[in-house]
Amino acid sequence: MRYTDARLLDALASAYVLGTLEGGARRRFERLQHDRTDVRSLVAQWEQRLGQLALAVPVRRPSVDLWPAIAARTRPAAARQASASRWTGWLRPTGFALGGIAAGVVAASALFLSAPGLFISSDQLAMRSGERLPQSYVGVLADAQGQGRLLVSSLRHGKTLTLKVLGAAPIAPALAGDERLVLWALPADGAPFAMGTVPASGTQVSALPDTSEKLLSKVSRLIVTRERGATPSALGSDVVLSGSCAKLW
Amino acid sequence: MNRNILTSLQDLIAGAARGDHACFAQVYERTHLHLFGVAVRMLGNEQAAEDVLQEAYVSIWKNAGSYRSSVDGQEIQPITWLIAIVRNKALDALRSRTRRNAHEQPQQQTGDEDDAGLPQGTDTAPGALQLFEQAMQALRIEGCMAALDGSFRQSLALAYYQGLSHTEVAAQMNAPLGSVKAWIRRGLDKLRACLGAQGVAP
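About the criteria used
Residues numbered from 1 in each chain as written. Chains lettered and ligands numbered in written order. Predicted model: local features only at pLDDT ≥ 70, side-chain atom pairs only at ≥ 80, totals over all residues. Heavy atoms only, no water. Helix = DSSP H or I, 4+ residues; strand = E, 2+ residues; numbered from the N terminus. Buried < 20%, exposed > 50% of the residue type's maximum accessible area, 1.4 Å probe, protein only. Contact = heavy atoms within 4.5 Å. Pairing = 2+ DSSP bridges. Axes fitted to C-alpha atoms, helices over the stretch in contact; angles between N-to-C directions. Parallel < 35°, antiparallel > 145°, perpendicular 65-115°, else oblique. Left-handed = near helix turned anticlockwise from the far one by under 90°. Nonpolar A, V, L, I, M, F, W, Y, C, P; charged D, E, K, R; others polar.

A. Seen up close, the overall build of chain A. For chain A, the count of helices and strands is 7 helices and 8 strands. The 249 residues of chain A split such that 37% are buried. A sequence separation of at least 24 residues applies to 55% of the contacts in chain A between residues at least 6 apart.

Here's what the structure looks like:
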């Protein structure tokens with residue numbers, strides 16, 4: 001295909017932005033954009049034109065879990081990348097032999113099989129033998145009548161949060177369509193932060209942006225409030241449940 | 001006032017490009033309702049739209065530095081740049097859904113329009129053509145665009161708001177593929193002319 005014809009390029013740019021340019025032709029055009037500023041410019045102009053059509057689309061509210069999921073993939077990713085590059089930067093000059101690593105893994109595996117106690121802490125051994133619960137952050141949140149209504153738990157070094165609604169009755173019966181129950185952590189020395197939405201009933205497991213050790217080590221109280229925004233940045237005043245956050249170890 | 005909002009969204013994207021996550025959070029706060037509306041409209045259900053929006057915002061964070069506020073002296077609104085990212089992700093999801101359906105149901109080729117991988121119409125009211133006409137009115141180009149036959153506008157509306165391919169638009173409108181391609185081509189040309197005459201876009 002000739003990519004010198006200005007009219008052809010403009011037609012391709014409009015079909016690309018509209019979405020009717022498909023398959024191999026779409027991929028070829030994407031590569032062309034990558035290489036040529038004049039083509040990127042044509043695409044930007046069509047995005048500007050067709051973008052006007054989207055302004056008529058009614059707004060919709062996604063679930064409050066969407067932002068935490070996006071934040072978990074953006075904020076910590078930068079930190080992970082930095083540590084990864086430090087790691088490879090350290091490895092390269094030392095010229096580590098892969099054979100040495102393999103031999104080390106074999107030796108460690110043999111040792112692990114013969115003496116697991118060297119690798120597993122006494123706490124973990126106690127947990128496996130059923131004497132102790134795993135190290136976790138837990139909270140039982142109660143309503144105004146002192147009735148325990150929500151069990152919050154997260155393994156100390158894990159990145160998931162489990163919420164279990166206790167009892168059969170809804171936590172907040174008169175919840176309007178756009179209202180949600182949001183769980184907040186109140187650190188002793190910082191601003192409250194939202195940890196996610198509370199399910200209407202049953203158990204919900206959600207991802208945390210970091211380990212609960214990092215997030216909750218200074219949190220002494222947990223509360224649930226009634227909120228309207230998808231991503232409430234400030235704590236609302238309508239507190240439905242509250243309780244302590246305790247370290248289970 | 002509207003101008004102010006646009007300018008600051010541009011600053012927030014610039015902040016995100018510098019790695020300022022708080023700016024990125026503000027970009028999300030200001031735009032996610034609108035962009036979610038666009039994604040739901042194209043994909044026809046909220047779960048698929050949330051998946052697409054998540055991919056789109058991760059891409060926005062990674063590529064914030066590539067946003068240009070003007071191209072060849074022409075202003076590019078940040079929201080149209082964001083919309084394009086969301087639409088591209090939604091188109092990818094729609095096309096892979098169509099491929100999956102074709103793979104899973106190789107026998108169903110006989111004009112079964114309900115099952116052709118098109119977005120479900122139940123949750124997507126108002127209709128594509130209605131949205132298109134509303135947009136034309138808001139842009140004050142409805143008179144200019146009225147010169148086009150209704151099928152031109154409808155084919156363009158289906159392709160834009162529902163992300164349908166030429167083949168899918170043809171099936172939906174029960175029209176020959178060649179005609180649909182020509183209608184959309186002419187519709188785009190007319191839209192450019194009308195927007196240009198109104199001074200809305202290049």
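B. Expanded view of the environment of Asn88 of chain B. With respect to the secondary-structure elements, Asn88 of chain B resides in helix α4 (residues 78–104). With 36 residues separating them in the primary sequence, Asn88 of chain B and Val52 of chain B have C-alpha atoms 9.4 Å apart. Excluding residues that lie within four positions of it along the chain, Asn88 of chain B makes contacts with Tyr16 and Arg26 of chain A.

C. Quick peek at the pairing of strand β5 (residues 193–197) of chain A. Residue and element names in this part refer to chain A. Two strands pair when backbone bridges link them, and strand β4 (residues 180–187) and β5 are joined in this way by 4 bridges, in the antiparallel orientation. What sits directly across from Trp184, in β5, is Ala194. Hairpin connection of β4 to β5: 5 residues between the antiparallel strands.

D. Structural view of the packing of helix α1 (residues 6–18) of chain A against helix α3 (residues 37–54) of chain A. Residue and element names in this part refer to chain A. Following both chains from N to C, one finds α1 and α3 inclined at 50°, their axes separated by 9 Å at the closest point. Viewed along their axes, α1 and α3 adopt a mutual orientation that is oblique. Regarding α1 and α3, the two cross each other, and that crossing is right-handed. Residues Leu9, Asp10, Ala13, Ser14, Tyr16, Val17 and Leu18 of α1 lie in contact with α3, whose contacting residues are Asp38, Val39, Leu42, Val43, Trp46, Glu47 and Leu50. Per-class residue counts for the contact of α1 with α3 are 10 nonpolar, 1 polar and 3 charged.

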